[in-house]
Structure formats: C-alpha cells, structure tokens
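# Observations on the three-dimensional arrangement
So the chains spell out like this:
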Amino acid sequence: MTDLIQYTTRGAVGLITLANPPVNAFSAAVRAGVLEALEGIMADDALTAAVITGSGKLFSGGADIREFNTPAGMQSPNLPELIEKTEAFPKPVVAALHGTAVGGALELSMACHYRVAAAGTRLGLPEVTLGIVPGAGGTQRMPRLVGAEAALDLIVGGRPIKAEEALELGLIDEVVESDVVDAAVALAEKVAAEGGPPRRTSELEDRVTADRERPEIFEEYRKKMARKARGLESPYACVECIEAAVNKPFAEGLAFERETFVRCVESAQSKALQHAFFAERESGKVPGVTKDTATRPIERAAVIGGGTMGAGITMCFANAGIPVSIIEVAQDGLDRAMKTIEGTYAGSVNRGRMSQDAMDACMSLITPSLGYDAVADVDLVVEAVFEDMSLKKEIFGKLDEICAEGAILATNTSTLDINEIASSTARPESVVGLHFFSPANVMRLLEIVRGEATSPETLATAMRIGKTLRKQGVVVGVRNGFVANGMMLPYIRESEFLVEEGATPEQVDRVIFEFGFPMGPFQTMDMAGLDVGWRIRQAAAATRPESERYSPVADRICEMGRMGLKTKAGWYLYEEGSRTPVPDPEIAAMIEAASAEQGIERREISDQEILVRCLYPLVNLGAGMLEEGVALRPSDIDVIWMHGFGFPRYQGGPMFWADQIGLGEVHRVMQELYEQHGELLQPTALLTQLAQEGRSFGDWSAE
Ligand code: 3H9
C-alpha cells in the first residue's frame, strides 16, 4: 500500500489515516490507498467497521487541485467513485475530523455513515471559490443533511463553518473535546454492535421532500446573491445543482452535478481562480528566506502618525491582539486619531459586524502616546506620516537612537525611496517597507518592500507579521510607487488620455466595471480623493520631460476645489448621502475644451479600445518590473492587482489574463499603440522577447 495512507486496527475497527502532507489532499495515490484499505477491511471478517481520519494538523483540504484537468485526476478510483464505494460499504464507516475538512474531504465525510469532529474543526465546501461546484456528491448530500437553505449558504457562500455550528445544522453527529479518533472508534463499535444496514445520506429524503414544497427559495437566493456573484458562473451552477438535489432522484441529481462539475472545471473562470489560489500561496516564497530564517516575535508595536493610514494600521494590530501605541506629536492630532479609531469600531458595532466586547478588547490594546518614548520597548514600529523625505529621515534617525536592538523599523511610504530612508539609521538591515492600502484596516494587500540592505530576518519577520495581521503580503523591490501604485500610473494616464480623445469618464468606467472591476478609474479617483494624485503629480512635475504627453484635466478639476466624493464633486457629482456618481456636463465641457486646446480631434472610441488602452499598458509595465526584478514573479503582480485594486479574480490578475489572450497579440497591439501615441506606450523588452518566442509569463516564471 502507498505510504500516503497509514493503516492499523483498533480492536474490531480498521483505522485508515490520510498521510499526504501538507494538507492530505486526495491525490490519485491517496484515493487508491483508501480504497485498498476499505477492501482489506471488507475482506477481514474480524473487522466490523472502519474509521477514516487524517494525520497532522488537519483531516484534509479535499481533492488535489493540481490534478484538475490532468489524467491523474481521473485515475481510478476517481473521487466520486471512491465516495460512492464508501457510502455503499456494508460495514459502518465513521469519519473522524479535526482541523479542517473541506471540499472533497467533506464530501467523503458526508458519504461516511457517521461523522465525529473535534471541537473547532472547520468544515466547508469552498469549491465555488475555485470556479467549480463540489463534484463528488457534495451538492446532493449536503441538502439531505442540512436542508436546501443551509446548503445554499454553505455551498454558494463557500465559507467554512465550525464543528459546533455544523452539529446544530445536522451536518455532523458529534463534537468532542476528547481525542476524536477514540470517539470515532467508540461510535463505530457501537453502531456495528447494533447491527442493521449503515445509515446512507443519499437515502435521507425528509429534508429534500420538505424543500420541494418551497421552490421559491432558489429564485429568492439567486436575487440575494446577484451583487456578490456578478460576472461569476460557478455560484449559479451551485444553485442549479442544489435545486436538482431537491427535485430529482439522488442518482439523477448526482449525474447532473457531475456534468456541471466537468463543464466548470474546464472553464476559463475556473482556471483563473485556480491560478489565483496558487498565486496567493506562491507569493509567500521569497529567495533568501526559508522556513529556518529567524524571525523576531512581535509582542508590542507602535505606529507613528495618527492620520487616516496611521489610524487604520493601528487598528490592524489591535484586531490581531497585539498591543500597539499610536504616536503623534501634538495632543489634538492624537485626540483626532483616537476619535477616528473609536468611530470606525463603533460603526462596525452598529452594523452588527463586531460585538461591543470585541471593540472594547481592541480599544484596550491601543495606547495613545505623545512623543517617542513609547517606541523604546516595541518590537516593530510602522511610520505612517505624510510623504516628506526629510521628515521621514528625521523620524528614522530618532527611531535608531531609541528603539531596542533588532526592532523592525518599517515605513508605510507609498512613493519614497526606502534605501534613502534606511540610510538615516545605523541599522539599514532592520528597515523594511510595509505599504498598506487604504483603508488599512479593511484592504488585504500589504506590499512588503525589501530595501537593498534589508536582512532576511527583517523580511521574514515582516512576512510573518503580514500573516498575523491577516493581510495578503507580497514582497516587492524599491521603485517609484513600488509595484501596485507604479502600475496604476499607466492605467490612470491612459484612461485620462481616452477621455481627451473622445470617450467619456462614464464610458471608461462602464467598460472597466463590465470587465469585472468593482468600479472604473474615474470613480476610483473620486473615492480616493483627487488631491492625492494631484500632490504626487506636483512632486513629479519637475522631472517630467517637456515633450511627454500630459492631461491637465485632473489637475483642473482638483484646482476647482472638487476633490471627489468627499467634496461631493470630482470627475462626477454626488448627491448628499449618495456614493452614486452622476455625470456632470461641466466636466464634459471642460474635457472637450482640453481636447480642443491640445488640437485633439475627438472621435468615437470603442469599448474594446478602452479595455485594451487601459489594461495592456499596465501589463507592459508589469513586464518591465519583472525585468527590473522589482516584482519577483508575474503571479505576484496578479495578487497585487486582485487584492489592491479589485482586478476581477475570475480573470486571474493582469499577467494571467494577458497570457490567456496570448502575448503575441498583446505585443502586436502595444506596438500599434506605440506607433500611434508615442513612447509612453513602447513595448518593454520582456514583453517583446516573450511575444517573439511564442511564450507566456507563466512559462517565463516556471524557468
Ligand atoms: C475539491 O475538493 C473538488 C471536489 O469537489 C470534486 C473533485 C472531483 N490541493 O493554504 P496553505 C497546498 S476542490 C492541492 O498555505 P493552510 C497549497 O498550495 C478542493 N494543493 O495551508 C500549499 O502548497 P505550497 C476544495 C493544496 O494550512 C500547501 O498546500 N478544497 C490544496 O493555511 C499549504 O496550503 C479547497 O478549496 C489542495 N486541495 O490552509 C481547499 N490545498 O506549500 C483549498 C492546499 O506548495 N485549501 N494545497 O505553497 C485551503 O483552503 C487551505 O490550503 C487549507 C489549509 C485550509 C486546507
């Protein structure tokens, strides 16, 4: 038998243990091993029952996603076959669950005759997040155990629940604080001694019969999920499968689920979502940092600066249970920061997203501090003052004097050179960038900026702190705007040029929204506040070549005092209390005047041109950043765009998306754009090379 399965007996019970680290995925060898063990138990008259469990910290993460669309995935027994055989097994089979049991692992458990879980086990069917439906009976057995409504929430929502909730719903039979395998063996012995045929989930009809009387629940659910599921195929496919579970006999429902699974797993969306899953995990692997690299435990932190960013970052630490001091130089600034924090938490409590107790616990971890004394005993400082190099250097000089040896000195700068900031200390190896995105307590992306001198230990600690704060950390190098904001530049610039050439802000925003972003560039600028971009452009004005094309419209809007949503006017107008952008004829006239001034003859611009002009240049620049080594791999750029700017996950991020189009085509269009619009759109060397060689970013990255 494979060594990915351990097999032993406990009295008259055969114990099958999954042993395929790190997550006991059901690879071909594991599936074959479980079946072989079951057959052994069948053949042995001394054994009356079976228990299936997992080794290590979890039961199993489900099917092996890397086997999707490969021959290994279909190798007999495939997962549906194994699961059918488990349910049909004549001796009782009990699942002993701990840690996590998701996807195919929960599907197998639901086909076991009984399920026992250790307290706190997480159970769920997250397949929808990979663009598929559960494909091994999950959509058919779940409604039979918990009813259609709960099954919709669990399968379409894709969110795992704790064992205690699962017990209440009827998904499992027992939750134990004691050893789960002992409890499962005891249950297996008991049901075997009682005799009679095993209880088979596929034969449970009460729940689905009752749900058949309420067909409206499916239409209601589709309406309820519409906003969240915009653009996605698999949530709707999940609903159809659950509907089939309610309305069709088990075998027919199962066949329908299978067909749906096969269609989904081959879809472009599923491939993109699988890419996103692996890309997120890949981003945690960084040259020079291994799992043996020492990290500094972060027991106390401090944040310097109580503006919007500083307040948000402070909340991130408190939310993670880390005591944190927020430092300002003047009392009124400090009071304002604490008011912002308290107000944000209170908003969450009012909306029912947080309990008052949790808010109180977070507030008790935050210490408002005047001056720098509080940094003396912290393990990590995050500086979040405004973007002024001399101020930052002064602060880092002070930190160098006061902070304990080995403390991590981080800056939240979004534009400044971290190497220069580090040079104001005698310990540049301890300096790193922790670039949060606004609002910092909400946005998941964290750019971890590695300076020239940043040590592996500092970087490893920064990566670990990212995880503790539940952020999606991505390590990047030093460059103006790093990767995220740097790549935002051509996206914004081209959208502004497009409106000068004949498009309207609302047309550009519609095209980008329809592509799957939560909003287009003009609405994004209004949300962020137009003064932010204005300040950055003013700072860059001196170094901008005279000959370079520059759209003055955004500056003019800003100089009219229209700062976006916060002033109820920017690229759009906003009615009191509303975030819905309303096109403004005054802005349309202003744009037309700017076109005329520059001698640009306005023309009809197609939606396709908008999409290509907004997105190809950022892919092109992404390639440039790979060449420079500022981004480590194309998939890191994808993660940054998905988590930082809402690039639709089902498109897989810009670099994956470009690969699907084909880099030959992307390059051809870039070349045309370059010839029409000049050097800002010149194809980068890496894009050109890959296009000529018929390769993709994925190939390049795999080298
Ligand atoms: C399914 O079951 C289909 C069926 O319905 C039908 C089939 C016919 N496969 O996340 P981590 C890797 S669909 C392959 O950092 P954690 C992961 O890439 C499946 N590999 O660990 C990483 O590799 P590396 C439905 C997998 O402890 C390593 O394991 N299941 C799989 O933070 C550690 O991962 C899901 O969607 C997999 N299934 O969290 C669950 N899972 O070290 C997906 C993980 O090389 N998995 N890897 O970078 C998870 O949600 C989390 O991994 C889990 C553990 C919660 C299990």
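The residue numbers shown here count from 1 along each chain, following its written sequence. The predicted nature of this model means local features are confined to residues of pLDDT at least 70 and side-chain atom pairs, given and counted, to a pLDDT of 80 or more, with totals for whole chains, interfaces and linings taken over all residues. For the side-chain quantities, the full set of heavy atoms in the structure was used; hydrogens and water were omitted.

## Things to note about the packing of helix H6 (residues 148–157) against helix H10 (residues 216–225)
Packed helix pairs are specified by the crossing angle of their axes together with the interaxial distance, meaning the distance between the axes. Orientation of H6 relative to H10, taken along the N-to-C sense of each, is 30 degrees, at an axis distance of 11 Å. With respect to H10, the element H6 is oriented roughly parallel. As H6 runs across H10, the sense of the crossing is right-handed. Each of Ala148, Glu149, Leu152, Asp153, Val156 and Gly157 in H6 lies in contact with H10, whose residues at this interface are Ile217, Phe218, Tyr221, Lys224 and Met225. For this classification, Asp, Glu, Lys and Arg are treated as charged, while Ala, Val, Leu, Ile, Met, Phe, Trp, Tyr, Cys and Pro are nonpolar and the rest, including Gly, are polar. Looking at the contact of H6 with H10, its residues break down into 7 nonpolar, 1 polar and 3 charged. The axes are straight lines fitted to the C-alpha atoms, using for helices just the contacting stretch, and the angles between their N-to-C directions are given from 0 to 180°. Comment: elements are numbered from the N terminus, with helices defined as DSSP H or I runs of at least four residues and strands as E runs of at least two. Between 65 and 115 degrees an angle is taken as roughly perpendicular, under 35 as roughly parallel, over 145 as roughly antiparallel, and anywhere else as oblique. Each helix crossing is assigned a hand: it is left-handed if the near helix lies turned anticlockwise from the far helix by less than a right angle, otherwise right-handed if that turn is clockwise. Working rule for contacts: check all heavy atoms of both residues, and any pair within 4.5 Å makes them a contact.

## Focus on the domain arrangement of the protein chain
As annotated, the domain borders come from an automatic or database domain assignment. Here the domain parsing of the protein chain yields domain 1 (5–266), domain 2 (301–480) and domain 3 (485–701). Each of domain 2 and domain 3 was reduced to a C-alpha centroid, and the two centroids are 29 Å apart. Taken together, the contact pairs 16 residues of domain 2 with 14 residues of domain 3. Summed over both partners, the interface of domain 2 with domain 3 buries about 1,200 Å², with 65% contributed by carbon and sulfur atoms. Each reported salt bridge corresponds to a side-chain nitrogen of Lys or Arg within 4 Å of a carboxyl oxygen of Asp or Glu. Our enumeration of links across domain 2 and domain 3 arrives at 1 salt bridge. Linking arginine 479 and glutamate 628 is a salt bridge whose minimum nitrogen-to-oxygen distance equals 3.4 Å. Identification of polar contacts relies on pairs of N or O atoms within 3.5 Å, with a donor-acceptor requirement for protein atoms, meaning one able to donate a hydrogen and the other able to accept it, and with residues adjacent in sequence counted only if both atoms are side-chain atoms. At the junction of domain 2 and domain 3, the tally comes to 2 residue pairs in polar contact (both at pLDDT 80 or more). Buried area is understood as the total, over both parts, of accessible area removed when two parts are fitted together, assessed with a 1.4 Å probe.

## As for helix H30 (residues 685–692)
Only protein chains enter the area calculation, which uses a 1.4 Å probe; residues under 20% of their type maximum are buried, those over 50% are exposed, and those in between are partly exposed. Residues of H30 that are buried: Leu686, Leu687, Thr688, Leu690 and Ala691. Buried residues belonging to H30 abut helix H26 (607–628), helix H29 (663–677) and helix H31 (697–702).

## Section: the nonpolar core
Among the nonpolar cores identified, the biggest contains 93 residues, and Leu399, Tyr491, Trp571, Leu615, Trp641 and Phe697 are the most heavily contacted of them. The element contributing the most residues to this core is H26, with 12 residues. The residues that make up this core include at least three from each of domain 2 (301–480) and domain 3 (485–701). Leaving out residues up to four positions away in the same chain, leucine 615 has contacts with Tyr491, Phe515, Phe517, Phe647 and Trp657. Side-chain atoms within 4.5 Å link the members of a nonpolar core, which is a set of buried Ala, Val, Leu, Ile, Met, Phe, Trp, Tyr and Cys residues.

## Re the pattern of salt bridges
Side chains that differ in sign of charge can pair as their charged atoms come close. Scanning the model with the defined rule gives 42 salt bridges in all. Close ionic contact of glutamate 500 with arginine 549 constitutes a salt bridge, the shortest N to O distance being 3.0 Å. Taken as a pair, glutamate 500 in helix H20 (residues 484–501) and arginine 549 in the loop between helix H23 (530–541) and helix H24 (553–559) lie far apart in primary sequence, 49 residues in all. Glutamate 500 sits in the buried class, given a relative accessible area of 0%. Where arginine 613 meets glutamate 501, a salt bridge forms, and the shortest distance between an N and an O atom there is 2.9 Å. With arginine 613 in helix H26 and glutamate 501 in helix H20, this pair connects stretches of sequence that are 112 residues apart. With respect to class, arginine 613 is no different from glutamate 501; both count as buried. A single salt-bridge network, built from bridges that share partners, covers Arg493, Glu494, Glu500, Glu501, Arg549, Arg603, Glu609 and Arg613.

## A word on unusual backbone geometry
The omega torsion of the bond from serine 76 to proline 77 falls at -5 degrees, within 30 degrees of zero and hence cis. Tracing the sequence through the fold places proline 77 in the loop between helix H2 (71–74) and helix H3 (79–88). Between serine 438 and proline 439 the backbone carries a cis peptide bond, its omega angle lying at -10 degrees. Here proline 439 lies in the loop between strand S15 (431–436) and strand S16 (445–449). Positive phi, normally seen in glycine, also occurs at phenylalanine 482, with a value near 50 degrees.

## Examining the state of the cysteines
As used in these notes, a disulfide is a covalent bond between sulfur atoms, one from each of two cysteines. In plain terms, two cysteine sulfur atoms within 2.5 Å form what is called a disulfide here. Going through the model one piece at a time under the given rule, you end up with 0 disulfides. Free of any disulfide, cysteine 264 has its nearest neighbouring cysteine sulfur in cysteine 238, separated by 7.2 Å. Residue class for cysteine 264 comes out buried when judged on its relative accessible area of 5%.

## A word on the sheet that holds strand S10 (residues 301–304)
Strand pairing is assigned whenever DSSP identifies at least 2 bridges connecting the two strands. The strand order across the open sheet built from 8 strands is S12-S11-S10-S13-S14-S15-S16-S17, with neighbouring strands paired in mixed fashion. Each edge of the open sheet is held by one strand with a lone partner, namely strand S12 (366–370) and strand S17 (472–476). For this sheet, the mean inter-axis angle between neighbouring strands, taken without regard to orientation, is 25 degrees. Here 4 bridges tie S10 to strand S13 (residues 380–383), and the two strands are oriented parallel to one another. Note that in S13 the partner of isoleucine 304 across the bridge is glutamate 383. Sheet strands touched by helix H15 (residues 331–350): strand S11 (324–328) and S12. Its angle to S12, the strand with the most contacts, is close to 165 degrees.

## Things to note about the site of the ligand
Neighbouring the ligand are 27 residues; Gly104, Glu107, Glu127, Arg281 and Lys285 lie closest to it. In the model, an oxygen atom of the ligand is placed 2.7 Å from a nitrogen or oxygen of the glycine 104 main chain. Here an oxygen atom of the ligand and a backbone polar atom of glycine 135 are 3.0 Å apart. Protein burial of the ligand: of its 1,100 Å² of free accessible surface, 76% is covered by the chains. Elements with a minimum of two residues in the shell around the ligand: helix H4 (104–111), helix H12 (250–265) and helix H13 (268–282). Within the shell around the ligand, the residues separate by chemical class into 14 nonpolar, 5 polar and 8 charged. Neighbouring residues are identified by heavy atoms, a residue being near a molecule or strand if any of them is within 4 Å of it. Surface accessibility in these figures is a Shrake-Rupley result with a 1.4 Å probe; residues are shielded only by whichever protein chains are displayed.

## What to know about the packing of helix H1 (residues 28–43) against H3
Where H1 meets H3, the axes come as close as 10 Å, and the angle between the chain directions of the two elements is 20 degrees. When the axis of H1 is compared with that of H3, the two are roughly parallel. Pair H1 / H3 crosses with left-handed handedness. Where H1 abuts H3, its residues Arg31, Val34, Leu35 and Leu38 lie against Leu79, Leu82, Lys85 and Thr86. Class assignment of the residues belonging to the contact of H1 with H3 gives a composition of 5 nonpolar, 1 polar and 2 charged.

## A closer look at the pairing of S15
The buried fraction of S15 amounts to 6 of the 6 residues, a majority that puts the element mostly inside the structure. Every second residue of S15 is oriented toward a common face, with Val431, Gly433 and His435 on one face and Val432, Leu434 and Phe436 on the other, all of them buried. For S15 and S16, the ladder comprises 4 bridges, and the chain directions are antiparallel. Bridge assignment links glycine 433 to a residue of S16, and that residue is valine 449.

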